[in-house]
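The primary structure of each chain is shown beneath.
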Amino acid sequence: MQEKLIKSTEHFQELFSTYFQRMSEFIVRTLLSVCVCHLYGLYNPNQIGDALGVVKGSLYRSLGALSLYYARRLCLRIGCVIGAAAIRSVEGQSASTQSRRRITVSVDDTNVPCDGEQVSYCGRWWSKKHNGSIRCQNVLGITLKVGERVYPLHLCLVSKRGRGNTDKPSLVIAMLKEVLSCLDAEGIDLRKYPITFDSWYGSRNMVQTLSELGFCSILIHGKSNYVMHIGDTTAKLSVHKQNIELLENQWACDKPVCRVKAESPTFGKPMCRHLFSG
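Owing to the predicted nature of the structure, the values given are computational and were not obtained by experimental measurement. Numbering of residues begins from 1 in every chain and follows the order in which that chain's sequence is written. Where totals are concerned, whole chains, interfaces and linings use all residues; where local detail is concerned, this predicted model gives features only for residues with pLDDT of at least 70, and gives and counts side-chain atom pairs only at 80 or more. The side-chain values count all of the structure's non-hydrogen atoms but skip hydrogen atoms and water molecules.

A. Geometry of the overall build of the protein chain. Runs of E in the DSSP output that reach at least two residues are strands. Runs of H or I that reach at least four are helices, and both are numbered from the N terminus. Tallying secondary structure elements over the protein chain gives nine helices and 10 strands in all. With a 1.4 Å probe rolled over the protein chains alone, any residue whose accessible area is under 20% of its type maximum counts as buried; one over 50% counts as exposed, and the rest are partly exposed. Residues counted as buried form 36% of the 278 residues belonging to the protein chain. Contacts are residue-level and defined by heavy atoms, with any inter-residue pair within 4.5 Å sufficient. The long-range share in the protein chain, meaning contacts at least 24 apart out of those at least 6 apart in sequence, stands at 54%. Per-residue and other accessible areas follow the Shrake-Rupley method at a 1.4 Å probe size, with only the shown protein chains counted as cover for residues. Summed over its atoms, the accessible surface of the protein chain is roughly 17,000 Å², and 50% of this surface lies on carbon and sulfur atoms.

Below, the structure is given as structure tokens:
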């Protein structure tokens, strides 16, 4: 246990000294304490203060002084190092094991409802769950899925203020470039793995930009009102689905599916074959 503790502490000390040289010493000490206390099941400043007998307010003030820039960089550096180790472990195994692990990069955003009056980066965002706009923080994230485990590679609070700050596709590309740069430095090529989006991010410009970055497998969830050219027919997916036979037990799917080639006026020449689900 002592060796693990020393190794973990040295890892974070090296991280802070290499990438966060301008961070105040008090914040660094607080972050190191939080990292070490995680090994003992203490996950927030309140628990740490009770266990160590220190003033909780000083811990909260120290973490509150951490700028959003440093918080993002910290998540990026730690996430990419851990993600690189997970990919490296799978790539060193057999082809069948790599296939079962299904390494995938995913991009999505979520709303974090906020009731506090003085919480930063809050705005009114549409919520599908509440079927209306709610006051919340909107968090845009890039994650890595290896088997059943999900690793956050990059997170960004999306602001409603400022020119162009709500252009999420541009934010995604900027974040992806940072992730690729970090993983390239670790000797990991993330571009060879599939990257997935929901239908909100689907556009020809997004597909083209991702292709230019080197991604060759781009999966975007389509809506039933998307227009596709399949065979000699150009129609919405909901219309095509009426004339396509769905098959059971295909590609380990738990629903009837069918895979066909299609072209889209939105996305351009196919990118890939499209999957219809029952």
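Still more ground to cover, so stick around.
B. Fine view of the environment of Ile87. The residue Ile87 is located in helix H5 (residues 68-91) in this model. Given the relative accessible area of 0%, Ile87 is considered buried. Sequence separation between Ile87 and Arg101 is 14 residues; the distance between their C-alpha atoms is 9.7 Å. The contact partners of Ile87, leaving out residues within four places of it in the chain, are Ile103, Leu144, Ile188, Leu190 and Tyr193.

C. Region of interest: H5. To estimate the expected span of a helix, subtract one from its residue number and multiply by 1.5 Å. End to end, H5 covers 34 Å across 24 residues, agreeing with the expected 34 Å (1.5 Å per residue, within 8%). When we look at burial in H5, the residues that qualify are Tyr70, Arg73, Leu74, Leu76, Gly79, Cys80, Gly83, Ala84, Ala86, Ile87 and Val90.

D. Just the packing of helix H2 (residues 25-38) against helix H4 (residues 56-64), in detail. Under this scheme, a helix contributes an axis fitted over its contacting stretch, all axes are lines through C-alpha atoms, and angles between N-to-C directions fall in the 0 to 180 degree range. Contact geometry for H2 and H4: axes closest at 9 Å, N-to-C directions at 115°. With respect to their mutual orientation, H2 and H4 come out roughly perpendicular. Remark: the crossing between H2 and H4 carries left-handed chirality. Residues Phe26, Ile27, Thr30 and Leu31 of H2 lie in contact with H4, whose contacting residues are Ser58, Leu59, Ser62 and Leu63. Each residue gets one of three labels, nonpolar for Ala, Val, Leu, Ile, Met, Phe, Trp, Tyr, Cys and Pro, charged for Asp, Glu, Lys and Arg, and polar for the others, Gly among them. Residues belonging to the contact of H2 with H4 are distributed by class as follows: five nonpolar, three polar and no charged. Comment on the angle field: the value is read as roughly parallel under 35 degrees, roughly antiparallel over 145, roughly perpendicular from 65 to 115, and oblique elsewhere. By convention, the crossing between two helices is left-handed when the near helix turns anticlockwise from the far helix through less than a right angle, and right-handed when the turn is clockwise.

E. View of the pattern of salt bridges. By convention in these notes, a salt bridge is any Lys or Arg side-chain nitrogen within 4 Å of a carboxyl oxygen on Asp or Glu. Enumeration over the complete set of coordinates arrives at eight salt bridges. Between Asp109 and Lys168 there is a salt bridge, and its shortest N-O distance comes to 3.1 Å. Of this pair, Asp109 sits in strand S1 (residues 104-113) while Lys168 is found in helix H7 (residues 168-185), placing the two residues 59 residues apart along the sequence. Given the relative accessible area of 22%, Asp109 is considered partly exposed. A salt bridge links Asp189 to Arg191, with the nearest nitrogen and oxygen atoms 3.2 Å apart. Several salt bridges share partner residues, and in doing so they unite Asp184, Asp189 and Arg191 into one network.

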